[in-house]
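Examining the three-dimensional arrangement
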Amino acid sequence: MYCSSNDEGEIEEGLGIVKDKLSRLYIRPDEAEKIKSNIKEAGEGYAIIDKVSVILDYKKDIYMASFLSLGLKNVPIDDGMVIANPRLLSGGIWCITTFNYSFLDDDGAAVKNPFKITRLSPIQMPSVDINDYIWQRRNFTKEEWIALMLRSTGLEPNTLSGRSRWLLLARIMPLVENNLNICELGPRSTGKSHIYKEISPSSILVSGGQTSVANLFYNMSSRSPGLVCNWDVVAFDEVAEIKFKDKDAITIMKDYMASGSFSRGKEILEGKASMVFVGNINENINTLLLQASLFKPFPDGMNTDTAFLDRFHCYIPGWEIEPFSPKSFTNDYGFICDYFAEIARELRKVNYSDVFSKFFTLDDSLKQRDVTAIKKMCSAMIKIIYPDGKVEKEGVREILEFAMEMRSRVKEQLKRIQPDDEFTSARFIYHDIETGESREVLVPECVNLSIRAGSV
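The present account deals with the structure reproduced in this document.

A few points about the packing of helix α6 (residues 162–170) against helix α16 (residues 393–417)
The axes of two packed helices give the description: the angle between them and the distance between them. Between α6 and α16, the shortest axis-to-axis distance is 12 Å and the interhelical angle comes to 70 degrees. Compared by their axis directions, α6 and α16 come out roughly perpendicular. Contacts from Arg163, Trp166, Leu167 and Ala170 in α6 reach Glu398, Ile399, Phe402, Glu405, Met406 and Arg409 in α16. Split into classes, the residues belonging to the contact of α6 with α16 amount to six nonpolar, no polar and four charged.

What follows is the structure, encoded as structure tokens:
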């Protein structure tokens with residue numbers, strides 16, 4: 001609003017205005033009663049910055065607003081304000097709101113709520129046009145668009161290898177695809193949890209590792225759904241520290257990760273949240289592959305539970321991403337986080353899982369979970385790079401091979417944990433419908449290990 005310029009002087013002036021407004025208008029929850037008193041004493045024209053959400057009271061045919069920090073609820077709001085800002089009805093947005101205060105109506109009778117909203121100015125995007133976003137994609141080449149996506153997460157693509165760019169794009173997949181289960185383990189300082197904590201308000205990062213079935217899935221006492229029903233992405237930081245207070249937590253999680261639904265008591269619930277597990281690997285990758293598996297950093301019991309690990313659609317090799325330094329962060333243009341997050345939410349409504357089937361088929365040796373994982377990742381990467389779903393054959397091939405590698409990495413670890421026919425029979429091969437050519441997708445670190453073993 002105030003810094004939309006290339007001129008450094010105008011940007012500096014705009015930042016000054018923003019800082020002034022924040023210092024004067026933003027309220028802390030512990031100041032709520034003081035601010036309510038200020039509104040009362042001012043009588044009219046008192047402005048604050050707060051998160052506003054709206055519900056429709058259908059019994060009274062009126063919209064009612066609630067204010068997060070102020071603690072006000074059931075404040076009548078004009079229909080026109082709601083229609084102009086539809087996100088008020090979808091979780092709420094931060095706004096500059098101006099109040100009047102009057103305890104009596106025009107006839108001298110006491111009113112139910114003396115707070116009256118006279119003006120509402122969103123400081124988040126009040127709505128997004130997904131069709132315009134898709135249309136504008138046509139003005140960019142593939143590489144330009146990938147660069148824009150990465151800059152929108154705060155990173156500078158010109159400091160990254162082509163491989164790292166794709167791996168960092170993969171972190172965006174859970175934001176645009178429902179029920180996608182991802183694991184990323186790697187060294188410190190590679191920003192594994194950054195995107196799930198800072199980029200989208202629809203993503204929640206569970207830090208510290210401890211949680212419960214009630215918090216994650218369903219609270220039977222309050223009969224309220226948990227995180228997986230209320231967020232787009234639930235990410236666990238530091239997987240080595242994961243501890244569940246309930247013995248049946250892993251069983252319920254397996255059910256949810258496989259089907260997107262779970263049962264609690266008599267209730268069967270569904271969620272759309274993608275599950276992400278991130279953590280550190282402190283050992284050499286080749287040593288891990290020789291001695292155990294790449295899932296070793298998970299807690300004991302979880303790191304050998306093949307039924308749980310097989311639910312992962314994707315394993316991002318975090319050790320291939322260069323540790324971040326000051327030069328890793330961009331000063332160039334990207335989408336603002338608020339807009340980018342809302343676009344990601346809109347893209348969750350689209351499904352491109354069958355786009356690759358116009359050109360390629362998967363080998364019959366792959367199990368249904370493998371096929372589902374590959375389809376989900378193809379859909380997600382197409383949404384990120386080609387949001388209109390129109391991809392040439394070689395573009396589809398590139399995405400398909402990437403998706404197959406990410407899933408194959410999961411399967412390779414399962415083979416190490418349980419070396420029997422259940423996992424060893426799968427071959428990550430795809431077939432070109434037009435030419436009949438077949439290609440096998442291999443996992444780089446496993447190929448390198450095999451070469452080293454052969455040279456001994």
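Let us keep going from here.
Comments concerning the sheet that holds strand β17 (residues 360–362)
What the three strands build is an open sheet, ordered β17-β18-β19; its pairing is antiparallel. In this open sheet, the two edge strands, each paired with only one partner strand, are β17 and β19 (438–440). Direction aside, the axes of adjacent strands within the sheet are offset by 25 degrees on average. The strands touched by α16 within the sheet are β17, β18 (429–432) and β19, with β18 carrying the most contacts at an inclination of about 165 degrees.

Overview of the environment of Asn74
Locating Asn74 in the fold gives a position in the loop between β2 (62–67) and β3 (75–76). Expressed as a C-alpha distance, the spacing of Asn74 and Gln418, which sit 344 residues apart in the sequence, is 57 Å. Once residues lying within four places of it in the same chain are set aside, the contact partners of Asn74 are Met64, Ala65, Ser66 and Asn113.

Regarding α16
Taking 1.5 Å per residue, 25 residues should reach 36 Å; α16 reaches 36 Å between its end C-alpha atoms and fits that length. Within α16, 20 of the 25 residues are buried, leaving the element largely enclosed by the surrounding structure.

Re the sheet that holds β3
In spatial order, the strands read β3-β2-β1-β4-β5; together these five strands make up an open sheet with antiparallel pairing. Taken across any chain shown, the strands that pair with only one partner, and hence form the sheet edges, are β3 and β5 (115–122). Looking at chain direction, β2 and β3 are connected through two bridges and run antiparallel. When the bridges of β3 are listed, Met64 appears paired with Pro76. On top of the sheet, helix α1 (residues 8–25) reaches β1 (46–57) and β4 (93–101); it is set at about 70 degrees to β1, its chief contact. The strands touched by helix α2 (residues 32–42) are β1, β4 and β5; relative to β1, the strand with the most contacts, the crossing angle is about 100 degrees.

Structural notes on the packing of aromatic side chains
Overall, the coordinates contain 29 aromatic pairs when judged by the stated rule. When the centroid spacing of 5.2 Å and the interplanar angle of 70 degrees are considered together, the rings of Phe140 and Trp145 count as edge-to-face. Taking the relative accessible area as the measure of exposure, Phe140 reaches 31% and is therefore partly exposed. According to the relative accessible area criterion, Trp145 is buried, its value standing at 1%. Ring centres 6.2 Å apart and planes at 75 degrees place the aromatic pair Phe298 and Phe308 in the edge-to-face group. One end of the pair, Phe298, is in the loop between α12 (285–291) and α13 (306–309); the other, Phe308, is in helix α13, with ten residues separating them in the sequence. Across the pair, Phe308 and Phe298 agree in class, each one buried.

Concerning the environment of Pro323
Note that Pro323 resides in the loop between β16 (314–317) and α14 (337–347). Sequence spacing of Pro323 and Arg188 is 135 residues, and the spatial spacing of their C-alpha atoms is 7.2 Å. What Pro323 contacts, discounting residues up to four positions off in sequence, is Arg188, Ser189, Thr190 and Ser328.

Points about the pairing of β2
Every other side chain in a regular strand lies on the same face of the sheet, so the side chains alternate between the two faces. The pairing of β1 with β2 spans six bridges and is antiparallel. Within the sheet, the bridge partner assigned to Ser53 lies in β2 and is Ser66. If you look at the hairpin formed by β1 and β2, you'll find four residues sitting between the two strands, and Asp61 has a positive phi there, around 55 degrees.

Section: the side chain of Ser379
You can see Ser379 is positioned in helix α15 (residues 368–385). Taking the relative accessible area as the measure of exposure, Ser379 reaches 0% and is therefore buried. A distance of 3.1 Å separates a polar atom in the side chain of Ser379 from a polar atom in the side chain of Glu177. Setting aside residues up to four positions removed in sequence, Ser379 forms contacts with Glu177, Asn351, Tyr352 and Ser353.

Parameters at a glance
Residues numbered from 1 in each chain as written. Predicted model: local features only at pLDDT ≥ 70, side-chain atom pairs only at ≥ 80, totals over all residues. Heavy atoms only, no water. Axes fitted to C-alpha atoms, helices over the stretch in contact; angles between N-to-C directions. Helix = DSSP H or I, 4+ residues; strand = E, 2+ residues; numbered from the N terminus. Parallel < 35°, antiparallel > 145°, perpendicular 65-115°, else oblique. Contact = heavy atoms within 4.5 Å. Nonpolar A, V, L, I, M, F, W, Y, C, P; charged D, E, K, R; others polar. Pairing = 2+ DSSP bridges. Expected span 1.5 Å × (residues − 1). Buried < 20%, exposed > 50% of the residue type's maximum accessible area, 1.4 Å probe, protein only. Phe/Tyr/Trp six-rings, centres within 6.5 Å; stacked < 30°, edge-to-face > 60°. Polar contact = N/O pair within 3.5 Å; in protein donor to acceptor, adjacent residues only side chain to side chain.

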